[in-house]
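# Structural characterization, general
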Amino acid sequence: MQRKIAVVGVGSAGLLSAAHLCTWLDDSWQVCSVYDPKKKILGIGESTNGAFINVLERSTNFSLAYAEDIAALDATLKYGSKFTNWRKQSWINPLLSGNIAVHFNNRRLKDFMFERLGRQWPKQFSVLEADV
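Keep in mind the model is a prediction, meaning the values are calculated, not measured. (Residues numbered from 1 in each chain as written. Predicted model: local features only at pLDDT ≥ 70, side-chain atom pairs only at ≥ 80, totals over all residues. Heavy atoms only, no water.)

## Topic: the environment of tryptophan 29
Short version of the rule: Helical segments are the DSSP runs of H or I of at least four residues, strand segments are the runs of E of at least two, and each set is numbered from the N terminus. In what follows, a contact means two residues having at least one pair of non-hydrogen atoms within 4.5 Å.
Here tryptophan 29 lies in strand β2 (residues 29-35). Sequence-distant contacts of tryptophan 29, defined by excluding residues within four places in its chain, comprise Gln2, Arg3, Lys4, Ile5 and Gln124.

Structure (structure tokens):
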């Protein structure tokens, strides 16, 4: 018997949730991404942390070493956060444990994730276009 989970929305949270579920649930589960293509996402550049990259690596075989993966998300590497005008002196807070993260164009994330999740998890991942 196949069990089903619906993840609503194709913003970063919805896509990462679907990716995480595909990675950690076995083939008895089907993860369905439900979204309305007429509803536009809030298109902003997003900043991530190392955990974001870890989910992409496990679920889609994304790699910071592949220029085509970086280009597909219009991403730039992130090594820390710079804080300016918070105190007398600016400082850089490095990412924990030496992780690397990215800044990326979230308008590109859905297409990247749908293609990769569909290829990586063909028995588990599906898409349903619907108004929820």
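## Structural notes on the environment of glutamate 46
How we decide: Polar contacts here mean pairs of N or O atoms no more than 3.5 Å apart (in protein, one a potential hydrogen donor and the other a potential acceptor; neighbouring residues in sequence count only if both atoms are side-chain atoms).
Relative to the helices and strands, glutamate 46 is located in strand β3 (residues 45-47). Excluding residues that lie within four positions of it along the chain, glutamate 46 makes contacts with Ser12, Val102, His103, Phe104 and Asn106. There is a polar contact of 2.7 Å between the side chain of glutamate 46 and the side chain of serine 12.

## Side note on the sheet that holds strand β1 (residues 3-8)
Which entries qualify depends on this criterion: Pairing between strands is defined by DSSP: at least two bridges between them are needed. To define axes, lines are fitted to C-alpha atoms, for helices over the stretch in contact only, and angles between the resulting N-to-C directions are given on a 0 to 180 degree scale.
Taken together, the three strands give an open sheet; going across it, the order is β1-β2-β8, and neighbouring strands pair in parallel fashion. Every other strand in the sheet has two partners, leaving β1 and β8 (125-129) as the edge strands with one partner each. Geometrically, the sheet is characterised by an average inter-axis angle of 25° between neighbouring strands, direction not taken into account. Two elements, β1 and β2, share six bridges in a ladder whose sense is parallel. Paired with lysine 4 across the two strands is glutamine 30, which belongs to β2. Relative to the sheet, helix α1 (residues 12-24) contacts β1, β2 and β8, its axis offset from that of β1 by approximately 160°.

## So, the packing of α1 against helix α4 (residues 109-120)
The following threshold applies: Under this scheme an angle from 65 to 115 degrees is roughly perpendicular, one under 35 degrees roughly parallel, and one over 145 degrees roughly antiparallel; angles in between are oblique. Crossings are assigned a handedness: left-handed for a near helix turned anticlockwise from the far helix by less than a right angle, right-handed for a clockwise turn. Three classes are used: nonpolar for Ala, Val, Leu, Ile, Met, Phe, Trp, Tyr, Cys and Pro, charged for Asp, Glu, Lys and Arg, and polar for all others, with Gly counted as polar.
α4 packs onto α1 with a crossing angle of 15° between their chain directions and a minimal axis gap of 10 Å. Here α4 runs roughly parallel to α1, going by the angle between their axes. Two packed elements cross with a definite hand, and for α1 against α4 that hand is left-handed. Contacts between α1 and α4 pair Ser12, Leu15 and Ala19 from the former with Leu109, Lys110, Met113, Phe114 and Leu117 from the latter. Residues that form the contact of α1 with α4 fall into these classes: six nonpolar, one polar and one charged.

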